[in-house]
Amino acid sequence: MSEDCIFCKIVAGEIPAKKIYEDSDLIAFHDIHPVAPVHFMIVPKEHIGSLADAQARHEMLLGRILLLAPVLAKEQGLHEGFRTIINTGKGGGQEVMHLHVHIIGGGSQRAM
Ligand code: AMP
Ligand code: ZN
């Protein structure tokens, strides 16, 4: 756990979140400021600052996040598809410095 990390505090249960999934390694919860009808994120419980801080030992964890994304997206009603966004570092617009994958859908999504 990293002190003053808001997602570590959510993992520790110190601040509330609208959780939709949890296991020993991962947690998923709704974004507090959704940008679409469905907007949640999948977060590793281990504090990894960003994708740029991920190590070879995180290979399985990163794979698990990506495999979980479509399962939770369907559970949240996103049967037509969804966007997956990982902001990395200041240059990537990352605001919370604990690795997370945004899953967004349900509105009209602009293709990139
Ligand atoms: P990013 O720019 O990828 O770092 O995005 C961080 C996201 O975390 C933003 O979309 C915020 O709305 C979201 N966020 C910040 N604090 C919380 C919180 N306490 N619970 C849920 N989502 C949060
Ligand atoms: Zn953290």
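The structure reproduced in this document is the subject of the present report. (Residues numbered from 1 in each chain as written. Chains lettered and ligands numbered in written order. Predicted model: local features only at pLDDT ≥ 70, side-chain atom pairs only at ≥ 80, totals over all residues. Heavy atoms only, no water.)

**Remarks on the coordination of the zinc ion (ligand 2)**
- In the first shell of the zinc ion (ligand 2), the protein supplies Cys5 (SG), Cys8 (SG), His47 (ND1) and His98 (ND1), at 2.0 to 2.3 Å from the metal.
- Of note is the zinc ion (ligand 2), whose four donor atoms meet at the metal with angles of 105 to 115 degrees in an arrangement that counts as tetrahedral.
- Sequence positions of the residues that donate to the zinc ion (ligand 2) give the spacing C-x2-C-x38-H-x50-H. In this pair, Cys5 sits in the segment before helix H1 (6-11) while His98 sits in the loop between strand S4 (83-85) and strand S5 (101-105), placing the two residues 93 residues apart along the sequence.
- A residue is classified by how much of its surface remains accessible, and His98, at 0% relative accessible area, is buried. (Donors = N, O, S within 2.8 Å, 3.2 Å for Na, K, Ca; no water. Tetrahedral: all angles 85-135°; square planar, octahedral: opposite > 155°, others 65-115°. Helix = DSSP H or I, 4+ residues; strand = E, 2+ residues; numbered from the N terminus. Buried < 20%, exposed > 50% of the residue type's maximum accessible area, 1.4 Å probe, protein only.)

**Quick look at the site of ligand 1**
- In the vicinity of ligand 1, 16 residues are found, and the nearest of them are Asp31, Glu95, Val96, His100 and His102.
- Protein chains shield 87% of the accessible area of ligand 1, which is 510 Å² for the free molecule.
- Sorting the residues of the shell around ligand 1 by element identifies H1 and strand S2 (26-30) as the ones contributing at least two each.
- Per element, the largest residue contribution to the shell around ligand 1 is three residues, and it comes from H1.
- Tallied by class, the residues present in the shell around ligand 1 amount to seven nonpolar, seven polar and two charged. (Near = heavy atom within 4 Å. Areas by Shrake-Rupley, 256 points an atom, 1.4 Å probe, with all protein chains shown as cover. Nonpolar A, V, L, I, M, F, W, Y, C, P; charged D, E, K, R; others polar.)

**Topic: the side chain of His39**
- Among the structural elements, His39 can be located in strand S3 (residues 38-44).
- Polar side-chain contacts of His39 include one of 3.1 Å to the backbone nitrogen of Val35.
- Only 2.8 Å separates the side chain of His39 from the side chain of His102, close enough to count as a polar contact. (Polar contact = N/O pair within 3.5 Å; in protein donor to acceptor, adjacent residues only side chain to side chain.)

**Notes on the pattern of salt bridges**
- In the structure shown here, the tally under the stated rule is five salt bridges.
- Residue Glu22 is joined to Lys45 by a salt bridge in which the shortest nitrogen-to-oxygen separation is 2.8 Å. Note that Glu22 is positioned in strand S1 (residues 19-22) and Lys45 in the loop between S3 and helix H2 (59-75), a separation of 23 residues in sequence.
- Note that Glu46 is salt-bridged to Arg57, the shortest N-O span being 3.0 Å. Pair noted here: Glu46 is in the loop between S3 and H2 and Arg57 is in the loop between S3 and H2, with a separation of 11 residues, a long-range link.
- On the basis of relative accessible area, Glu46 is assigned to the partly exposed category, the value being 35%.
- Residue Arg57 is classed as exposed on the basis of its relative accessible area of 61%.
- A single network of salt bridges, built from pairs that share partners, joins Lys19, Glu22 and Lys45. (Salt bridge = Lys/Arg side-chain N within 4 Å of Asp/Glu carboxyl O.)

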